[in-house]
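One-letter residues, chain by chain:
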Amino acid sequence: MATTDFGSVDEYIASFPEDVQEILQRVRQTIRAVVPDAGEKISYQMPTFTLDGKNLVHFSGWKKHISIYPIPPLDDVPAKEIEPYKSGEGTLKFPLNKPIPYDLIGRLAEAFLASRTQ
């Protein structure tokens with residue numbers, strides 16, 4: 001990933017190897033399925049979903065993992081489920097050498113959405 005000034009989420013994803021692109025696209029689709037009216041933009045040089053003009057969730061690709069930021073309020077997602085993925089206070093890291101838990105990512109997206117609509 002040499003470019004650091006991405007103009008779109010598509011451009012960001014295209015900067016990764018094909019196998020990682022597939023994962024990033026599936027993360028994108030998983031979040032989009034939960035929040036179909038969300039906007040997309042690049043913020044902090046990573047893909048960002050927005051809701052009502054405000055950042056909702058960021059995701060990013062790295063050499064050995066993908067990340068989701070921040071960690072949402074966890075009413076519907078048990079903390080023990082995300083514990084293996086926590087890295088720091090507000091980051092979840094999903095290793096690329098293990099199956100990506102897309103169902104968990106979908107439930108995290110639901111938690112992000114619920115936190116905004118309360």
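The structure contained in this document is the topic of the report that follows.

About the criteria used
Residues numbered from 1 in each chain as written. Predicted model: local features only at pLDDT ≥ 70, side-chain atom pairs only at ≥ 80, totals over all residues. Heavy atoms only, no water. Helix = DSSP H or I, 4+ residues; strand = E, 2+ residues; numbered from the N terminus. Rg over C-alpha atoms; globule rule 2.2 N^0.38 Å. Buried < 20%, exposed > 50% of the residue type's maximum accessible area, 1.4 Å probe, protein only. Lys, Arg positive; Asp, Glu negative; His and termini not counted. Charge placed at Lys NZ, Arg CZ, Asp CG, Glu CD. Phe/Tyr/Trp six-rings, centres within 6.5 Å; stacked < 30°, edge-to-face > 60°. Pairing = 2+ DSSP bridges. Expected span 1.5 Å × (residues − 1). Contact = heavy atoms within 4.5 Å. Polar contact = N/O pair within 3.5 Å; in protein donor to acceptor, adjacent residues only side chain to side chain. Salt bridge = Lys/Arg side-chain N within 4 Å of Asp/Glu carboxyl O.

**Comments concerning the overall build of the chain**
Phase 1: Looking only at helices and strands, the chain has four helices and six strands in total.
Phase 2: When the elements of the chain are put in sequence order from the N terminus, they spell out α-α-β-β-β-β-α-β-β-α.
Phase 3: The C-alpha radius of gyration of the chain comes to 13 Å, within 12% of the 13 Å expected for a compact globule of 118 residues.
Phase 4: Reported as C-alpha extents along the three principal axes, the dimensions of the chain are approximately 40 × 35 × 25 Å.
Phase 5: Sorting the 118 residues of the chain into buried and exposed places 42% on the buried side.
Phase 6: Averaging the positions of the 13 positive and the 16 negative side-chain charges in the chain gives two centres separated by 5 Å.

**As for the packing of aromatic side chains**
Phase 1: Counted by the stated rule, this structure contains four aromatic pairs.
Phase 2: Judged by centre distance (5.2 Å) and plane angle (50 degrees), the rings of Tyr-12 and Phe-16 are tilted.
Phase 3: Residue Tyr-12 is classed as buried on the basis of its relative accessible area, which comes to 1%.
Phase 4: You can call Phe-16 buried: its relative accessible area is 8%.
Phase 5: Taken together, a centroid distance of 4.6 Å and an interplanar angle of 40 degrees make the contact between Tyr-85 and Phe-94 tilted.
Phase 6: Judged by relative accessible area, which is 1%, Phe-94 ranks as buried.

**Quick word on the pairing of strand 3 (residues 54-61)**
Phase 1: For strand 3, a buried count of six out of eight residues is recorded, marking the element as mostly surrounded by other parts of the structure.
Phase 2: Where strand 2 (residues 46-51) and strand 3 come together, four bridges link them in antiparallel fashion. By the bridge assignment for strand 3, Thr-50 is matched with Asn-55.
Phase 3: As defined by bridge partners, strand 3 adjoins strand 4 (residues 65-69) across four bridges and the pair is classed as antiparallel. Each residue of the ladder has a partner; that of Ser-60, found in strand 4, is Ser-67.
Phase 4: Where strand 3 hands over to strand 4, the hairpin turn is made up of three residues, counted between the paired strands.

**Describing helix 4 (residues 102-117)**
Phase 1: The end-to-end C-alpha distance of helix 4 is 23 Å, a good match for the 22 Å that 16 residues give at a rise of 1.5 Å each.
Phase 2: Within helix 4, burial applies to Tyr-102, Leu-104, Ile-105, Gly-106, Leu-108, Ala-109, Ala-111 and Phe-112.
Phase 3: On its buried face, helix 4 sits against helix 2 (18-34), strand 3, strand 4, helix 3 (79-82) and strand 6 (91-95).

**With respect to the side chain of Thr-30**
Phase 1: Summarising the element assignment, Thr-30 is placed in helix 2.
Phase 2: At 2.7 Å, the side chain of Thr-30 forms a polar contact with the backbone oxygen of Arg-26.
Phase 3: Look past the residues within four positions of Thr-30 in its chain and what remains in contact with it is Tyr-102, Ile-105 and Gly-106.

**Things to note about the pattern of salt bridges**
Phase 1: Taken as a whole and assessed by the stated rule, the structure comprises five salt bridges.
Phase 2: For the salt bridge of Arg-32 with Glu-40, the shortest nitrogen-to-oxygen distance reads 3.3 Å.
Phase 3: For Arg-32, a relative accessible area of 25% translates into the label partly exposed.
Phase 4: A single network of salt bridges, built from pairs that share partners, joins Asp-10, Arg-28, Arg-32 and Glu-40.

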